[in-house]
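Structure at a glance
Here is what each chain is made of, one letter per residue.
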Amino acid sequence: MTTALYRRYRPETFGEMIGQSQVTDPLMTALRGDRVGHAYLFSGPRGCGKTTSARILARCLNCAEGPTDVPCGVCPSCVELSRAGGGSLDVVEIDAASHNGVDDARDLRERATFAPSRDRYKIFILDEAHMVTPQGFNALLKLVEEPPEHVKFIFATTEPEKVLGTIRSRTHHYPFRLVPPAAMLEYVAKLCAEEGVIVEQGVLPLVVRAGGGSPRDTLSLLDQLIAGSHAPAGFETVTVGYARAVSLLGYTHGALLDEIVDALAAGDAAAAFPAIDRVVQTGQDPRRFVDDLLERLRDLIVIAAVGAGASAVLRGIAEDDLERMRTQADVFGSARLSRTADVVSAALDDMSGATSPRLHLELMVARVLAGATEAAAVAPAPAGERAAAPVRQAAPTVSAPAPTVSTPAAAASAPSAAGAQSPAAEPSPAPEQSPAAEPSPVAEQSPVAVQSPVAAPASETTAPEAAPAEPAAPQGPVTFERVRAAWPAVLTRLESISRTSWLLATAVQPLAYVTETEVLTLGFTSQHDVAKFKGTTPGSGPSDHLRSAIENELGVRVKYLPAPMPAGGAPRQPASSGASTPADSAPASEPASAGSPRSQVRGASASSVTEWAVAPIPTAHEEQVRDAPAPSALLAVDEEPEEVEAAASAPVPPADGVVDRDEPPLPGDDEAPAYDDEPPYDPSYEPPAEPSVSRHSPPERSAPQTQRTAVAAPPVVIERSPSVGGVQRYGEAVIRQVLGATFLREEPYEPPTRFS
């Protein structure tokens, strides 16, 4: 019978510990300086040396030459605490998993009062300290906080967060970590040499991988392999074979893994699926195979990235294996290796808890093979074909609009093609141009004139390299038509600047632009949108972002003028700001869409209001008057649009507070509508003063329609804003018109109750 490897090779000094320098160096420094604390907490994964370090610390403290950082190994205390020793009376190891109650803590407290029998300190080592109950920790709290001079505590645990906080704060906490693979590989190779065991190539990396960085687990697996191996015929030395290690540890054989990787790299389904079937038929876990395949792909990615220096990263791999893996990495390619690793990693996640792992494994192979087929289909074309491809694609782009453009439009498009280098392809204002390039009343009404702004962005898309990377310098005067044509490009620039500002600007439309003052009129649907557009922080709001986008696209820094959005969309500004005839400004109020079925015929005078929220279409003179800047507040709100309808239909709007004997009397209470149908009243609302009309002017009463027709500035119907109390008022004009009622006063409405 033999002793386990992890017991035979348990370290006896801090210098023999591997991979725990973050713990051993501070402890040895404290021992040399005689600054040892009264309580320590060792935490870390299982099998990484916590209990061993506690025993070494006890040997250092109770050594006859100590306290010292290197025990002598010959004194009675060192001999009793060595690998072959039976333990010391003054070093008490307690399994806290089975001694975790208040009674056990009370017993430990009584034993701590007695002085050590021989050594310098009485040391208590509590293994698995996280198993102690809170009541047991509370019973030990006073003793751990102020122990006697001869008592030292060492707590070892894998879950330090479960240790009572008051205990943990009174100890020196040293965290242990898993041993790195390189240090572990070197350590097990040295142990095999000391044991006289021959290990075949590739066995020790599998043992280190299976151990997971724990020295105790790694030595246990190596001990198992050595015990299950035998000496070949004619030899006395035990040899650990690779095939035995693979079958015992459950990993995929390297030859089978190479076969599958080669099949996947070549896209050979006929070789890949039989290899997968052989993996399943041997009884191997499909999840373990996918994990091994992902590990191999990771090695190939490292080899493809590092090249000749991969041996410094992939330790424990023979040179012939590295050469074979380099060939596999070259066949795959870096891009395919990354995509294949993603597919394999996703399949490994999907196989967790799956009822049919083989199905997921075969589907994973099918996806990898499909990716190889697609990669071969989209292989890069030769340089001559890539250079000829843009020429073949550009021909339909130029010839497509040809059938739809009339002869005058073709004449107008010639100077536009010549100026394709400008941000917006506009005809040059040279006097020797053809008359087709000069705007005329007939040309403005033709569909060619509507399509001309679209031709400029189309010419820009054929040559994207001509687009300026910096703010564009204005090429001639920036007109409203140019602003509307470049508005989609402005929104595209705004989206790259701020996504939030772009969302707000999509609901805004340009209505007019004054070239001399660089004032851009924007249409908003409500006053609330104007407040959001302005922003709260000066210099970084949506308005500033839009201004920067316009400056980068058109080369002008505009100023804003908010205006209500028309009901039919954003109208076009007249082509000439100084138009003097209605014919020149007739198409200016057309909707933005070219295919709108609305009539373009206008009357000389505005028609009367016949429906709710309908205003007459203004003439050219009225548009100039309306577009002129006024000292009124921005985005004004019509306070009483009902009065407009009442004035149009009623003979004479009566003044408030004046009793008209000629009008019919007010209806009785029995004719009043039910209280559920009546609109709510706003007590704080005060109606605007109505113009008093004299009752003694028969000409005005006899011709109300003539008086309405003579109004120069028709009302603009815009969205009503709530009153001060948050209640909108409707129906007053309807009551005046239909019932002939006269407004006297407003009173808050109180619904009837059962007690009223």
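A brief look at the structure comes next.

Turning to the sheet that holds strand β8 (residues 509-514), a few remarks are in order. Taken together, the 3 strands give an open sheet; going across it, the order is β8-β9-β10, and neighbouring strands pair in mixed fashion. Across the chains shown, the open sheet's two edge strands, defined by having one partner strand only, are β8 and β10 (559-564). Here the strands of the sheet are splayed against their neighbours by 30° on average, with no regard to which way each runs.

Secondary-structure assignment places Met 28 in helix α2 (residues 21-32). Met 28 sits in the buried class, given a relative accessible area of 17%. Each residue touching Met 28, except ones within four places of it in the same chain, is listed here: Phe 14 and Asp 69.

Time to look at the pattern of salt bridges. According to the stated counting rule, one finds 29 salt bridges in the structure shown. Close ionic contact of Glu 12 with Arg 83 constitutes a salt bridge, the shortest N to O distance being 3.9 Å. With a gap of 71 residues between them, Glu 12 in the loop between α1 (5-8) and α2 and Arg 83 in the loop between α4 (76-80) and β2 (91-95) connect regions that are remote in the sequence. According to the relative accessible area criterion, Glu 12 is partly exposed, its value standing at 21%. Residue class for Arg 83 comes out partly exposed when judged on its relative accessible area of 38%. For the salt bridge of Arg 557 with Glu 551, the shortest nitrogen-to-oxygen distance reads 3.0 Å. Taking the relative accessible area as the measure of exposure, Arg 557 reaches 47% and is therefore partly exposed. Judged by its relative accessible area of 26%, Glu 551 is partly exposed. Three or more residues joined by partner-sharing salt bridges are found here, namely Asp 258, Arg 296, Asp 321 and Arg 324.

Right, let's get into the packing of aromatic side chains. If you walk through the whole model with that rule in mind, you get 8 aromatic pairs. Ring centres of Phe 42 and Tyr 174 lie 6.2 Å apart, and the angle between their planes is 75°; this geometry places the pair in the edge-to-face category. One end of the pair, Phe 42, is in strand β1 (residues 39-43); the other, Tyr 174, is in strand β5 (residues 172-175), with 132 residues separating them in the sequence. Residue Phe 42 is classed as buried on the basis of its relative accessible area of 0%. The exposure class assigned to Tyr 174 is buried, which follows from its relative accessible area of 14%. When the ring of Phe 42 is compared with that of Phe 176, the centres are 5.4 Å apart and the planes differ by 65°; the resulting orientation is edge-to-face. One end of the pair, Phe 42, is in strand β1; the other, Phe 176, is in the loop between β5 and α8 (181-195), with 134 residues separating them in the sequence.

Here we take up the pairing of strand β9 (residues 519-524). The element β9 is largely enclosed, with a buried count of 5 among its 6 residues. Count of turn residues in the β8/β9 antiparallel hairpin: 4 residues, of which Glu 518 carries a positive phi of about 55°. Where β9 lies against β10, 6 bridges are found, and the strand directions are parallel. Looking across to β10, one finds that Thr 521 is bridged to Leu 561.

Here the focus is a nonpolar patch on the surface. A cluster of nonpolar side chains, namely Ile 735, Val 738 and Leu 739, defines an oily patch on the protein surface of about 280 Å² accessible area. Here Ile 735 lies in helix α31 (residues 732-739).

Before going further, it helps to examine the packing of helix α9 (residues 203-211) against helix α11 (residues 242-249). Each pair of packed helices can be summarised by the angle the axes make with each other and by the distance between the axes. Across the interface, α9 lies against α11 with an axial gap of 9 Å and an inter-helix angle of 20°. Between α9 and α11, the interaxial angle falls into the category roughly parallel. Every pair of crossing elements has a handedness; the one defined by α9 and α11 is left-handed. Contacts from Val 203, Leu 206, Val 207 and Ala 210 of α9 reach α11 at Tyr 242, Ala 245, Val 246 and Leu 249. Along the lines of polarity and charge, the residues of the contact of α9 with α11 split into 8 nonpolar, no polar and no charged.

Where helix α12 (residues 254-266) meets helix α14 (residues 286-306), the closest approach of the two axes is 11 Å, and the angle between their N-to-C directions is 70°. One way to sum up the angle between α12 and α14 is to call them roughly perpendicular. The element α12 and its partner α14 pack so that their crossing is right-handed. On α14, the residues touching Gly 254, Leu 257, Asp 258, Ile 260, Val 261 and Leu 264 of α12 are Phe 289, Asp 292, Leu 293, Arg 296 and Leu 300. Its residues assigned to classes, the contact of α12 with α14 comprises 7 nonpolar, 1 polar and 3 charged.

Reading guide: rules and limits
- Residues numbered from 1 in each chain as written.
- Predicted model: local features only at pLDDT ≥ 70, side-chain atom pairs only at ≥ 80, totals over all residues.
- Heavy atoms only, no water.
- Pairing = 2+ DSSP bridges.
- Helix = DSSP H or I, 4+ residues; strand = E, 2+ residues; numbered from the N terminus.
- Axes fitted to C-alpha atoms, helices over the stretch in contact; angles between N-to-C directions.
- Buried < 20%, exposed > 50% of the residue type's maximum accessible area, 1.4 Å probe, protein only.
- Contact = heavy atoms within 4.5 Å.
- Salt bridge = Lys/Arg side-chain N within 4 Å of Asp/Glu carboxyl O.
- Phe/Tyr/Trp six-rings, centres within 6.5 Å; stacked < 30°, edge-to-face > 60°.
- Patch = residues over 30% accessible without salt bridge, like charges linked within 9 Å, V, L, I, M, F, W, Y side chains within 5 Å.
- Areas by Shrake-Rupley, 256 points an atom, 1.4 Å probe, with all protein chains shown as cover.
- Parallel < 35°, antiparallel > 145°, perpendicular 65-115°, else oblique.
- Left-handed = near helix turned anticlockwise from the far one by under 90°.
- Nonpolar A, V, L, I, M, F, W, Y, C, P; charged D, E, K, R; others polar.

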